[in-house]
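For reference, the chains in residue letters:
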Amino acid sequence: DEPTEESKAENLRKWEISRRQLLRIIGVAGAAAATTPFIPGLLNRGSSEASSDNHQHPVEHHGSQVTETTDQRIRQWGMIIDLRRCDGCQGVDKPPQCTIACNEGHFVPEPMEWIETYEYELEGGGTFFQPTICNQCQNPPCVNVCPVGATWSTPEGVVLIDKDRCIGCRMCMAACPYERRFFTWTEPAVPPESLFVEYSPEHQVPMLKGMVYKCDFCPEMARSGRLPFCAQACPNAAIYYGDLEEDIATNGEEIVQFSKYISDNGAYRHKEELGTRPRVHYIPGYGQDVGRD
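The model shown is predicted, which means the values in this text are computed figures rather than measured ones.

About the thresholds
Residues numbered from 1 in each chain as written. Predicted model: local features only at pLDDT ≥ 70, side-chain atom pairs only at ≥ 80, totals over all residues. Heavy atoms only, no water. Core = buried A, V, L, I, M, F, W, Y, C linked by side-chain atoms within 4.5 Å. Buried < 20%, exposed > 50% of the residue type's maximum accessible area, 1.4 Å probe, protein only. Contact = heavy atoms within 4.5 Å. Helix = DSSP H or I, 4+ residues; strand = E, 2+ residues; numbered from the N terminus. Pairing = 2+ DSSP bridges. Patch = residues over 30% accessible without salt bridge, like charges linked within 9 Å, V, L, I, M, F, W, Y side chains within 5 Å. Areas by Shrake-Rupley, 256 points an atom, 1.4 Å probe, with all protein chains shown as cover. Salt bridge = Lys/Arg side-chain N within 4 Å of Asp/Glu carboxyl O. 1 Å grid on protein atoms, 1.4 Å probe; cavity = no way out; pocket = protein on both sides within 12 Å on 5 of 7 lines; lining within 4 Å. Points joined across faces, edges and corners; volume = space filled by probe spheres on them. Nonpolar A, V, L, I, M, F, W, Y, C, P; charged D, E, K, R; others polar. Polar contact = N/O pair within 3.5 Å; in protein donor to acceptor, adjacent residues only side chain to side chain. Phe/Tyr/Trp six-rings, centres within 6.5 Å; stacked < 30°, edge-to-face > 60°. pLDDT = per-residue confidence, 0-100.

What am I meant to see in the nonpolar core here?
Considering soluble globular proteins, one finds that nonpolar side chains tend to be buried as a cluster. Membership of the largest hydrophobic core comes to 43 residues, with the highest contact counts inside it found for Met79, Trp114, Phe217 and Ile239. What phenylalanine 217 contacts, discounting residues up to four positions off in sequence, is Trp77, Gly78, Met79, Ile133, Gln136, Val158, Pro228, Tyr241 and Val280. In this structure, Tyr240, Ala249, Phe258 and Ile262 belong to the second largest nonpolar core, which totals 8 residues.

Encoded structure:
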């Protein structure tokens with residue numbers, strides 16, 4: 001029999017649902033194959049059914065869309081950088097791979113580098129390397145001085161910038177004790193790929209002249225179960241990313257208890273004496289676990 005209009009519509013609806021499910025599966029599988037393994041235990045724990053359509057909801061902030069998770073609890077993103085495993089990528093005879101991956105993943109224009117690896121002298125001789133990014137301070141001086149509210153802390157503890165409000169006054173740059181904010185003095189190069197990205201303060205592309213930019217801590221990647229670009233690219237797995245709320249972190253190779261790992265290994269936070277309360281923790285070291293003497 002010739003199918004009716006109703007049956008055609010019903011078949012089309014079922015096909016669309018199947019197609020969306022297939023694309024979702026392909027997307028997850030593709031991400032897992034192309035990047036560091038899924039962040040175990042951090043996301044969607046016990047809520048696989050809820051993650052289909054109701055896992056996230058958009059929240060308005062100054063006219064821009066910011067996404068927050070709604071399942072179970074609000075995440076509290078944090079990072080641990082184990083300097084015992086960091087040799088500045090000398091062991092692979094390349095520039096710091098965390099910097100390269102961050103630049104490529106965020107279309108960061110030269111000479112801007114959201115994450116830089118500095119070499120410091122050790123007492124008694126020798127040196128150590130320290131990758132330095134926006135510390136996602138919980139008492140951020142940059143936020144406190146912005147005259148137009150263009151930078152703020154999210155409930156997840158990430159400090160973001162909204163270029164739709166930024167007036168380029170650079171007061172936040174002057175206030176940042178870590179020098180981790182950057183200004184586009186000239187018209188930045190806009191790769192064709194970035195033109196397809198819908199703007200959000202969580203991924204600040206395409207970039208514009210006369211704006212302040214910085215590390216955004218990749219919260220949207222974490223929500224989808226992926227490690228930030230810097231952690232994925234580290235050849236020595238020195239960068240752990242995790243959720244302080246669940247007290248868990250991973251470098252893609254192992255899972256650790258966030259609080260215990262930093263406590264047992266004498267972690268410190270860069271310039272924490274300033275009272276900025278950074279979310280980035282460092283394990284002291286000089287690359288000894290990867291063969292550096």
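Just checking my understanding: could you explain the pairing of strand E5 (residues 127–132) for this structure?
Every regular strand shows the same layout, with side chains that alternate between the two sheet faces. Within E5, 5 of the 6 residues are buried, which leaves it mostly tucked inside the rest of the structure. Where strand E4 (residues 116–121) folds back onto E5 in an antiparallel hairpin, the turn is made up of 5 residues, including glycine 124, whose phi is positive at roughly 90°.

What should I look at first to understand the pairing of strand E13 (residues 280–283) in this one?
Here E13 shows a buried face lined by Val280 and Tyr282 and a second buried face lined by His281 and Ile283. For strand E3 (residues 77–82) and E13, the ladder comprises 4 bridges, and the chain directions are parallel. By the bridge assignment for E13, aspartate 82 is matched with isoleucine 283.

Which parts of the structure should I look at to understand a nonpolar patch on the surface?
A surface patch of nonpolar side chains, amounting to about 370 Å² of accessible area, comprises Val190, Leu195 and Phe196. The residue valine 190 is located in the loop between strand E8 (182–183) and strand E9 (212–213) in this model.

Explanation requested: the pattern of salt bridges in the structure shown.
By the definition in use, this model includes 10 salt bridges. Of the charged contacts in the structure, one is a salt bridge between glutamate 254 and arginine 85, with a shortest N-O distance of 3.0 Å. Residue glutamate 254 is located in the loop between strand E11 (248–250) and strand E12 (255–256), and its partner arginine 85 is located in the loop between E3 and helix H2 (97–106); the two are separated by 169 residues in the primary sequence. Judged by its relative accessible area of 30%, glutamate 254 falls in the partly exposed class. Look at arginine 85 and you get buried, because its relative accessible area is 19%. Among the salt bridges present, the one from glutamate 202 reaches arginine 223, with a minimum N-O distance of 2.8 Å.

I tried to follow the layout of surface pockets on my own but got confused; where do I start?
By rolling a water-sized probe across the atoms, one finds the places where empty space is left. The computed volume of the second largest pocket comes to approximately 170 Å³. When the residues that make up the lining of the second largest pocket are grouped by side-chain class, the tally is 7 nonpolar, 2 polar and 2 charged.

Got a minute to help me understand the environment of glutamine 136 in this structure?
Of note, glutamine 136 is situated in the loop between E5 and helix H3 (141–145). Owing to a relative accessible area of 0%, glutamine 136 belongs among the buried residues under this scheme. Each residue touching glutamine 136, except ones within four places of it in the same chain, is listed here: Gly157, Val158, Val159, Lys214, Cys215, Asp216, Phe217, Arg277, Pro278 and Arg279. Separated by 2.8 Å, the side chain of glutamine 136 and the backbone nitrogen of valine 159 make a polar contact.

Please explain the packing of aromatic side chains as it appears in this structure.
In this description, an aromatic ring pair is defined by two values, namely the gap between the centres and the angle between the planes. Per the counting criterion, the structure on display carries 7 aromatic pairs. Between phenylalanine 217 and tyrosine 241, the ring centres sit 5.2 Å apart and the planes meet at 55°, which makes this aromatic pair tilted. Of the two residues, phenylalanine 217 is situated in the loop between E9 and helix H5 (219–223) and tyrosine 241 in strand E10 (residues 239–243); the sequence distance between them amounts to 24 residues. Here phenylalanine 217 and tyrosine 241 have matching classes, each one buried. Ring geometry for tyrosine 268 against tyrosine 282: centres 5.6 Å apart, planes inclined by 25°, an arrangement best described as stacked.

What's the story with the confidence of the model for the protein chain in this structure? I'm lost.
Caution is warranted with low-pLDDT regions, since their predicted coordinates should not be read in detail. On average, residues of the protein chain score 82 in pLDDT, and 75% of them are at 70 or above. Low pLDDT, under 50, characterises residues 14–38; the predicted model gives this stretch 14 contacts beyond four residues in sequence or across chains. With pLDDT under 50 throughout, residues 43–70 is counted as low confidence; its partners more than four residues away or in other chains account for 62 contacts.

Teacher, can you tell me more about the environment of aspartate 264 here?
With respect to the helices, strands and loops of the structure, aspartate 264 is situated in helix H7 (residues 258–264). Between the alpha carbons of aspartate 264 and isoleucine 283 there is a distance of 9.7 Å; along the sequence they are 19 residues apart.

Got a minute to help me understand the sheet that holds E13 in this structure?
Pairing between the strands of a sheet is mediated by backbone hydrogen bonds and can be parallel or antiparallel. An order of E12-E11-E10-E3-E13 is seen for the 5 strands of this open sheet, with the pairing classed as mixed. In this open sheet, the two edge strands, each paired with only one partner strand, are E12 and E13.

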